[in-house]
Amino acid sequence: MSAVEQEPVATEYMAYSLRPMLPDDSKAVAEIEMEAFPTTWPPTPFRKELSNRLARYLVCYVPTEEIAEAEQPEPSVDITPNDSMLKRLLQGVWPRIGLRSRRDDPQAIRWDVIPGFVGMWFMADEAHVTAIAVREFYQGRGIGELLLIGCIELAILRNADVVTLEVRISNTLAQTLYKKYGFEIVGSRKRYYSDNNEDAFIMTTGKIQEPEYQRMLQDKAALHADRWGASERALTTPSLGV
Ligand SMILES: CC(C)(COP(=O)(O)OP(=O)(O)OC[C@H]1O[C@@H](n2cnc3c(N)ncnc32)[C@H](O)[C@@H]1OP(=O)(O)O)[C@@H](O)C(=O)NCCC(=O)NCCS
């Protein structure tokens, strides 16, 4: 049996899911960071980041049959009649998945595999993607795209105007993904990466609260679901709020 065949859970058409990072995920997320960004030093203190009010992390996970039934908590924000259709939809999505902590019931939830994560900082009207990475074994299966969809949806929920990020000018693969979701190169930072003095492109979306952007996002998310399977996307928890 080859190494690939021995991988425990992934299949090409398995639907992956998203949820906020929890303390128990910090080790897996640190491993992904080390694999994807080996020159990042010091490593991000993910567990500590959980109490950073400006930061949010989403992880992609493979749900096991152990996942608890949803407790259907009330959304922690009000939906006003002025909220966009997408925003209303998103408000309804997150409670569908159980997010009880292991402390509540150690047997309730077990996550076998965390193939990727995305980190964001929210500053003023801007959502800044600090890191997005997928374990090498799981790349090319739609997970990076799912993480990007989730983080843009979270930015919409949090009323950000735009999503921005920096990307190595040599990282054309990631740039292709970002362009697919309306990011454009708006500038560059000289010698931004200290390991090899590489420049960074600054990439920014259009106005994500605009109906036109949200329609594009919904269309792309629907295509992604057709291609890779529908995913549960829990973007926030009652304890985090939105
Ligand atoms: C960038 C990264 C997150 C993409 O994740 P992924 O799960 O492999 O990507 P997906 O399978 O979701 O592919 C999404 C899109 O990315 C682009 N893409 C993915 N693999 C590609 C490849 N081999 N060549 C060119 N484009 C590619 C395509 O636009 C693709 O959309 P398409 O399938 O409709 O063409 C992943 O490659 C990674 O973790 N890289 C290392 C860390 C990194 O560079 N992060 C970005 C820092 S800014």
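In case you missed it, the structure is sitting above this.
Scope of this entry: the structure provided in the associated data block. Everything quoted here is computed from the prediction, not taken from an experiment.

Under the counting rule described, the total for this entry stands at ten salt bridges. With a shortest N-O distance of 2.8 Å, E31 and R135 are connected by a salt bridge. With E31 in helix α2 (residues 26–36) and R135 in the loop between β4 (126–134) and α5 (143–157), this residue pair connects regions lying 104 residues apart in the sequence. Judged by relative accessible area, E31 falls into the partly exposed class, the value being 33%. K180 is paired through a salt bridge with E145; the nearest N and O atoms lie 2.9 Å apart. Within this pair, whereas K180 is found in helix α6 (residues 172–180), its partner E145 is found in helix α5, the two being separated by 35 residues in sequence. A residue is classified by how much of its surface remains accessible, and E145, at 9% relative accessible area, is buried. One continuous salt-bridge network, built from bridges that share partners, spans K27, E31, E35 and R135.

Before going further, it helps to examine the packing of aromatic side chains. Within this structure, the stated rule accounts for six aromatic pairs. Here F137 and Y138 contribute two aromatic rings whose centre-to-centre distance is 5.0 Å and whose plane-to-plane angle is 80 degrees, an arrangement assigned as edge-to-face. Taking relative accessible area as the criterion, F137 reaches 26% and is therefore assigned partly exposed. For Y138, a relative accessible area of 3% corresponds to the buried category. Measuring from centroid to centroid gives 5.6 Å for Y178 and F183, while their planes differ by 50 degrees, and the two rings are tilted.

With that settled, consider the nonpolar core. Ranked by internal contacts, the top residues of the largest apolar core, which has 40 residues, are L148, I152, Y178, Y181 and F183. Contributing elements (two or more residues each) for this core: β2 (55–62), β3 (113–123), β4, α5, β5 (162–168), α6 and α7 (211–228). Element by element, the count of residues in this core is highest for α5, at eleven residues. In terms of nonpolar packing, the next biggest core, distinct from the first, is built from twelve residues, M21, F46, Y61 and A131 among them.

Turning to the pairing of strand β6 (residues 184–193), a few remarks are in order. The side chains of a regular strand alternate, residue by residue, between the two faces of the sheet. In terms of strand pairing, β6 meets strand β7 (residues 198–204) through six bridges, oriented antiparallel. Counted as the bridge partner of I185 is M203 from β7. Hairpin connection of β6 to β7: four residues between the antiparallel strands, including N197 at a positive phi of 60 degrees.

What follows is about the side chain of R141. Take R141: it is sitting in the loop between β4 and α5. Of the polar contacts made by the side chain of R141, one reaches the backbone oxygen of F137; its length is 3.4 Å.

Attention now moves to the sheet that holds β5. The seven strands are arranged β1-β2-β3-β4-β5-β7-β6 in an open sheet whose pairing can be described as mixed. In the strand order of this sheet, the two ends are held by β1 (17–20) and β6, each with one partner. Within the sheet, the average angular offset between the axes of one strand and its neighbour, ignoring direction, is 25 degrees. In the packing of α2 onto the sheet, the strands contacted are β2, β3 and β4, and the crossing angle to β3 comes to about 85 degrees. Packed on one face of the sheet, α5 meets β1, β2, β3, β4 and β5 and runs near 30 degrees to β3.

This paragraph deals with the packing of α5 against α6. Across the interface, α5 lies against α6 with an axial gap of 11 Å and an inter-helix angle of 45 degrees. When the interaxial angle is binned, α5 and α6 end up oblique. The interaxial crossing formed by α5 with α6 has right-handed handedness. Contact residues: α5 offers G144, E145 and L148, while α6 offers L177, Y178 and K180. Partitioning the contact of α5 with α6 into residue classes produces three nonpolar, one polar and two charged.

Procedures and definitions
Residues numbered from 1 in each chain as written. Predicted model: local features only at pLDDT ≥ 70, side-chain atom pairs only at ≥ 80, totals over all residues. Heavy atoms only, no water. Salt bridge = Lys/Arg side-chain N within 4 Å of Asp/Glu carboxyl O. Helix = DSSP H or I, 4+ residues; strand = E, 2+ residues; numbered from the N terminus. Buried < 20%, exposed > 50% of the residue type's maximum accessible area, 1.4 Å probe, protein only. Phe/Tyr/Trp six-rings, centres within 6.5 Å; stacked < 30°, edge-to-face > 60°. Core = buried A, V, L, I, M, F, W, Y, C linked by side-chain atoms within 4.5 Å. Pairing = 2+ DSSP bridges. Polar contact = N/O pair within 3.5 Å; in protein donor to acceptor, adjacent residues only side chain to side chain. Axes fitted to C-alpha atoms, helices over the stretch in contact; angles between N-to-C directions. Contact = heavy atoms within 4.5 Å. Parallel < 35°, antiparallel > 145°, perpendicular 65-115°, else oblique. Left-handed = near helix turned anticlockwise from the far one by under 90°. Nonpolar A, V, L, I, M, F, W, Y, C, P; charged D, E, K, R; others polar.

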